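Observations on the three-dimensional arrangement
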Amino acid sequence: MVGRKILLEFDPASHYEKVIQAFVTEALANIELAFVFTRRSGNIHSFLSAEKAVKFFCLTQQVNVPRELSENETLLPSNDTSLMLDALDQTLKTHPDDKISIVFDSLSDLVLSFGFEKTYNFVKYATDMLSSPRITALFLLNQTAHDPSVSSSLRGLFSNQISIEKDGIHAIKLPKTEAAMLPIEKAPAKKEM
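Residues numbered from 1 in each chain as written. Predicted model: local features only at pLDDT ≥ 70, side-chain atom pairs only at ≥ 80, totals over all residues. Heavy atoms only, no water.

A short note on the pairing of strand E7 (residues 135-142)
In terms of burial, E7 is largely enclosed, as eight of its eight residues are buried. Where burial is concerned, the two faces of E7 agree: the one with Ile135, Ala137, Phe139 and Leu141 and the one with Thr136, Leu138, Leu140 and Asn142 are both buried. Strand direction decides the pairing type here: strand E1 (residues 5-10) and E7, joined by six bridges, are parallel. Note that in E7 the partner of lysine 5 across the bridge is alanine 137. Looking at chain direction, strand E6 (residues 100-104) and E7 are connected through five bridges and run parallel. (Buried < 20%, exposed > 50% of the residue type's maximum accessible area, 1.4 Å probe, protein only. Helix = DSSP H or I, 4+ residues; strand = E, 2+ residues; numbered from the N terminus. Pairing = 2+ DSSP bridges.)

Structural data, given as structure tokens:
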């Protein structure tokens, strides 16, 4: 999975937070830097806040410009995708040789806040910025929150796709060698339509 940019579609009723926690814990165990873009009041932040090595970019409407709260937590305006991309760019420039794992929670929030077109463009720019094989990234998408055409278009930006549902994790679109290595319950892979 190292170096992949993955769309992780989740059912909100599943325990997707535990999967994200395992992803981040493994990254830290492999001496990778871990960066998480999320809401401060969200489930992902709650699950990962005990991890002192995780750097959080907390998306909020309470600020108009980035504001550092601590060494590991920066507030970012949730209404400005250009500042999110800038934070991502600065992070990559600050750590030019390190292996990095990034979690972006959530594309669904962006679609609901900005609309599909702006979110689509954001994802295109972000995945281009993250193209280095030293960077692994998960982009979360609530699979129940969108019109099928919106979800389908966002899926088209990712060559790697995983789904988390109540019954476990399903490899939607992964090379067979990678799918065989997923540390998950044995659940049949779903076929994409």
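Some remarks on the nonpolar core
One finds Phe37, Ile102, Phe104, Leu107, Phe122, Leu130 and Phe139 to be the most contacted residues of the largest nonpolar core, which totals 28 residues. Within the residue set of this core, elements represented by two or more residues are strand E2 (33-38), strand E3 (54-60), helix H3 (81-94), E6, helix H4 (107-114), helix H5 (116-129), E7 and helix H6 (148-155). Ranked by residue count, the leading element in this core is H3, at five residues. Not counting chain neighbours up to four residues away, the residues in contact with isoleucine 102 comprise Phe23, Phe35, Phe37, Leu88, Leu130, Ile135, Thr136, Ala137 and Leu138. By size, the runner-up hydrophobic cluster in this structure holds 24 residues, among which are Leu8, Val24, Cys58 and Ile164. (Core = buried A, V, L, I, M, F, W, Y, C linked by side-chain atoms within 4.5 Å. Contact = heavy atoms within 4.5 Å.)

Considering the sheet that holds strand E9 (residues 168-173)
One open sheet holds the nine strands; their spatial order is E4-E5-E3-E2-E6-E7-E1-E8-E9, and the pairing between them is mixed. If you trace the sheet from one side to the other, it starts and ends with strand E4 (67-70) and E9, each paired once. Ignoring which end each strand starts from, the neighbouring axes of this sheet average 20° apart. Pairing geometry for E4 and strand E5 (residues 73-77), over three bridges, is antiparallel. Within E5, the residue paired with serine 70 across the bridge is glutamate 73. The strands that H3 touches are E2, E3, E5, E6 and E7; relative to E5, the one it contacts most, it runs at about 145°. Where H6 meets the sheet, its contacts fall on E1, E7 and strand E8 (160-165), and the angle it forms with E1 comes to roughly 155°. (Axes fitted to C-alpha atoms, helices over the stretch in contact; angles between N-to-C directions.)

As for empty space enclosed by the protein
Within this structure, the stated rule accounts for one cavity of 30 Å³ or more. One number sums up the size of the largest cavity: a volume of about 30 Å³. (1 Å grid on protein atoms, 1.4 Å probe; cavity = no way out; pocket = protein on both sides within 12 Å on 5 of 7 lines; lining within 4 Å. Points joined across faces, edges and corners; volume = space filled by probe spheres on them.)

Overview of the confidence of the model for the protein chain
Close inspection of predicted coordinates is inappropriate for parts of the model with low pLDDT. On average, residues of the protein chain score 88 in pLDDT, and 90% of them are at 70 or above. Predicted confidence in the protein chain is weakest over helix H7 (residues 176-179), with a mean pLDDT of 48, and strongest over E6, with 97. For residues 177-193, every residue scores under 50 in pLDDT, and the model assigns this stretch 25 contacts once sequence neighbours within four places are set aside. (pLDDT = per-residue confidence, 0-100.)

A closer look at the pattern of salt bridges
The full count for this structure, using the stated rule, is four salt bridges. Here aspartate 109 ties to arginine 39 by a salt bridge, and the two come within 2.9 Å at their closest N and O atoms. With aspartate 109 in helix H4 and arginine 39 in the loop between E2 and helix H2 (43-48), this residue pair connects regions lying 70 residues apart in the sequence. (Salt bridge = Lys/Arg side-chain N within 4 Å of Asp/Glu carboxyl O.)

Some details on the packing of H3 against H5
Running from N to C, H3 and H5 cross one another at 5°; their axes reach a closest spacing of 11 Å. As summarised for this structure, H3 and H5 are arranged roughly parallel, according to the angle between their axes. Residues Thr81, Met84, Leu85, Leu88, Asp89 and Leu92 of H3 form the contact with H5, whose own contacting residues are Lys118, Phe122, Tyr125, Ala126 and Met129. (Parallel < 35°, antiparallel > 145°, perpendicular 65-115°, else oblique.)

As for H5
Look at H5: 20 Å from first C-alpha to last across 14 residues, which is about the 20 Å you get at 1.5 Å a residue. Among all positions of H5, only Thr119, Phe122, Val123, Ala126 and Thr127 are buried. Looking straight down H5, one finds that the buried residues subtend no more than 120° of arc, so they occupy a single side. Set apart from the buried face of H5 by more than 90 degrees, the exposed residues are Glu117, Tyr125 and Asp128. Considering only its buried residues, H5 is in contact with H3, E6, H4, E7 and H6. (Expected span 1.5 Å × (residues − 1). Arc of directions from axis to C-beta.)

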